[in-house]
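Report on the structure
Spelled out from the first residue to the last, the chains are:
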Amino acid sequence: QVQLAESGGGLAQAGGSLRLSCAASGRISSPYAMGWFRQAPGKAREFVVGINWSGADIDYADSVKGRFTISRNYDKNTVYLQMNSLKPEDTAVYHCALDLGTGRSSRHEYDYDYWGQGTQVTVSS
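Residues numbered from 1 in each chain as written. Predicted model: local features only at pLDDT ≥ 70, side-chain atom pairs only at ≥ 80, totals over all residues. Heavy atoms only, no water.

1. Notes on the packing of aromatic side chains
Put simply, the test is: Only the six-membered ring of Trp is used, alongside the rings of Phe and Tyr, when aromatic pairs are assigned; centres must lie within 6.5 Å, and planes under 30 degrees apart are stacked while those over 60 apart are edge-to-face, with the rest tilted. Accessibility here uses a 1.4 Å probe with only protein chains present; expressed as a share of the type maximum, an area under 20% marks a residue as buried, one over 50% as exposed, and anything in between as partly exposed. For a ring to carry a charge above it, either NZ of a lysine or CZ of an arginine must fall within 6 Å of the ring centroid while also lying within 35 degrees of the normal to the ring plane.
Tallying each qualifying case throughout the model produces six aromatic pairs. Ring geometry for Tyr 112 and Trp 115: centres 6.0 Å apart, planes at 65°, overall edge-to-face. Judged by its relative accessible area of 5%, Tyr 112 falls in the buried class. Cluster of aromatic residues (ring-pair linked, three or more members): Phe 37, Phe 47, Tyr 112 and Trp 115. Cation over ring: Arg 19 sits above Tyr 80, and NZ or CZ is 4.1 Å from the ring centre. When the ring centre of Trp 115 is taken as origin, the NZ or CZ atom of Arg 45, which lies over that ring, is 3.9 Å away.

2. Here's the deal with unusual backbone geometry
Counted only if it meets this: The numbering of helices and of strands both runs from the N terminus, where a helix is a DSSP run of H or I of at least 4 residues and a strand a run of E of at least 2.
Along the chain, Ser 30 connects to Pro 31 via a cis peptide bond; the corresponding omega equals -5°. For Pro 31, the location among the structural elements is in the loop between β3 (18-26) and β4 (33-39). With a phi close to 50°, Asn 77 is a non-glycine residue in the positive phi region. Looking at the secondary structure, you find Asn 77 in the loop between β7 (68-73) and β8 (78-83). A residue is classified by how much of its surface remains accessible, and Asn 77, at 23% relative accessible area, is partly exposed. Of note in the backbone geometry, Ser 85 takes a positive phi value of approximately 50° without being a glycine. With a relative accessible area of 40%, Ser 85 lands in the partly exposed category.

3. A short note on the nonpolar core
For clarity, the cut-off: Only buried Ala, Val, Leu, Ile, Met, Phe, Trp, Tyr and Cys residues count toward a nonpolar core, and they belong to the same one when joined by side-chain atoms within 4.5 Å.
Of all hydrophobic cores here, the largest spans 33 residues; its most connected members are Trp 36, Leu 81, Met 83 and Tyr 94. If you list the elements that add at least two residues to this core, you get β1 (2-7), β3, β4, β5 (46-51), β7, β8, β9 (92-99) and β11 (119-124).

4. Considerations on the state of the cysteines
To keep things clear, this is the line we draw: By definition, disulfides here are pairs of cysteine sulfur atoms that lie within 2.5 Å.
This model, assessed by the stated rule, comprises one disulfide. A disulfide bridge connects Cys 22 with Cys 96, and the sulfur atoms are separated by 1.9 Å. Linking Cys 22 and Cys 96, the disulfide has an S-S dihedral of approximately 55° and is accordingly described as right-handed. Here the residue Cys 22 occupies a position in strand β3, and Cys 96 occupies one in strand β9, the gap between them amounting to 74 residues. Like Cys 96, Cys 22 is buried.

5. Looking at the side chain of Arg 67
Rule in force here: Two residues form a contact once any of their heavy atoms are found within 4.5 Å.
Within the secondary structure layout, Arg 67 lies in the loop between β6 (58-60) and β7. Arg 67 gets classed as buried once you look at its relative accessible area, which sits at 11%. If near-sequence neighbours (up to four positions away) are discounted, Arg 67 is found in contact with Gln 82, Met 83, Asn 84, Ser 85, Leu 86, Lys 87 and Asp 90.

6. Considerations on the environment of Ala 56
Structurally, Ala 56 can be placed in the loop between β5 and β6. Classification of Ala 56 by relative accessible area gives exposed; the value is 71%. As a C-alpha pair, Ala 56 and Ala 97 span 41 residues in sequence and 18 Å in three-dimensional space.

Structure below.
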């Protein structure tokens, strides 16, 4: 089993920044890819960003491109999501996900094997 633990959510003003972390633990075997998804109230969960095993392939949703940056620390099995220039529409529960398959990043929920509980991000206008 693999466990994912997100942290770093909270309240920010529009134009502000937050940094999310997602630490993976348990039976982790490389290669693996990771991603972030978010779900706003009353909406379906949507893809935010995915990163492949090497970190060379990063795919951002258009809505966050240029504002969010994903990075990973292999020693700590952790990925980070730096969110800048936040907008009220970024308000959502953010979930990290891990894919133990090919190590290729994906935009599809069904490609991910494990999910974190989520961390709330609220952006006020």
